[in-house]
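Each chain, letter by letter, is given below.
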Amino acid sequence: FLIDVKAQNEPRLVFPATSKIIQVGETFSIDVIVDTAGQKVHGTGAKIGFNSEILEVESIKPGTIFGDYPNVSYDNEKGKIIVSGIASSVNDEFSGQGVFATLTFRAINKGGTMIQFAYEPGSTTDSNIAVTYGTGDILAEVNSLQVTVSSETSGKTSVPTNAPTQEESETMSV
């Protein structure tokens with residue numbers, strides 16, 4: 001069993017899980033984790049996409065690793081989320097691993113969707129981890145969350161346990 005040590009030591013923005021199975025109508029929360037690989041950073045920006053025909057955002061709770069979160073927004077029509085966190089001062093840099101934000105979704109339709117970071121290596125207009133040197137972005141790795149939504153009644157009975165029997169129902173008819 002081999003682990004890619006290089007990937008573990010690079011700055012990343014990830015979901016702790018890579019798959020989730022839920023039913024229509026259910027809500028779930030997922031953390032967005034930032035790992036700076038030991039480097040001091042001044043901020044992080046996450047641009048996240050999802051299929052708005054399958055899921056809708058109910059809320060976004062910013063983390064506490066940065067002093068200011070100037071943009072925490074979502075668009076359920078376009079299936080887009082933006083979360084930006086910045087250090088309150090140059091002496092308030094973040095280093096390490098922590099919860100950047102917690103996203104809460106509701107499943108609105110049956111189907112599958114990926115919740116994924118917009119990310120292109122070297123680009124500073126997508127998801128990023130901000131530093132004051134080089135290109136200004138050290139983000140090296142992201143992952144995605146595959147969400148499968150099954151129908152509401154899948155595996156559940158819709159008949160209450162105290163429902164009348166067929167015979168009782170017939171005698172109750174007027």
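Look a little higher up for the structure.
Owing to the predicted nature of the structure, the values given are computational and were not obtained by experimental measurement.

A.B. asks: Any chance you could explain unusual backbone geometry here in plain terms?
C.D. replies: Outside of glycine, negative phi angles account for most residues, and trans bonds account for most peptide bonds. Residue Ala 37 is not a glycine yet carries a positive backbone phi of 55 degrees. Here Ala 37 lies in the loop between β3 (27-35) and β4 (43-49).

A.B. asks: I tried to follow the pattern of salt bridges on my own but got confused; where do I start?
C.D. replies: Once the charged atoms of two side chains with opposite charge are near each other, the side chains can pair. Enumeration over the complete set of coordinates arrives at 2 salt bridges. Asp 35 is paired through a salt bridge with Arg 12; the nearest N and O atoms lie 3.4 Å apart. Here Arg 12 lies in strand β1 (residues 12-14) and Asp 35 lies in strand β3, a separation of 23 residues in the sequence. The partner of Arg 106 in a salt bridge is Glu 58, with the nearest N and O atoms 2.7 Å apart. Here Arg 106, found in strand β8 (residues 97-107), pairs with Glu 58, found in strand β5 (residues 55-62); they are 48 residues apart in sequence, far enough to count as distant. Its relative accessible area of 27% is what places Arg 106 among the partly exposed residues.

A.B. asks: Would you mind showing me how to read the sheet that holds β5 here?
C.D. replies: Either a parallel or an antiparallel arrangement is found when strands of a sheet pair, and the pairing is made through backbone hydrogen bonds. Reading across the sheet, the 5 strands line up as β5-β8-β3-β1-β11 and stay open at both edges, with mixed pairing between neighbours. Strand pairing shows two members of the sheet lacking a second neighbour, β5 and β11 (141-142), which therefore form its edges. Looking at chain direction, β5 and β8 are connected through 7 bridges and run antiparallel. Residue pairing across strands places Glu 56 opposite Arg 106, the latter belonging to β8.

A.B. asks: Before we go on, may I ask you to explain the side chain of Thr 36 in this structure?
C.D. replies: Within the element layout of this structure, Thr 36 appears in the loop between β3 and β4. From its side chain, Thr 36 meets the backbone oxygen of Gln 39 in a polar contact 2.9 Å long. Only 2.8 Å separates the side chain of Thr 36 from the backbone nitrogen of Gly 96, close enough to count as a polar contact.

Cut-offs and rules
Residues numbered from 1 in each chain as written. Predicted model: local features only at pLDDT ≥ 70, side-chain atom pairs only at ≥ 80, totals over all residues. Heavy atoms only, no water. Helix = DSSP H or I, 4+ residues; strand = E, 2+ residues; numbered from the N terminus. Salt bridge = Lys/Arg side-chain N within 4 Å of Asp/Glu carboxyl O. Buried < 20%, exposed > 50% of the residue type's maximum accessible area, 1.4 Å probe, protein only. Pairing = 2+ DSSP bridges. Polar contact = N/O pair within 3.5 Å; in protein donor to acceptor, adjacent residues only side chain to side chain.

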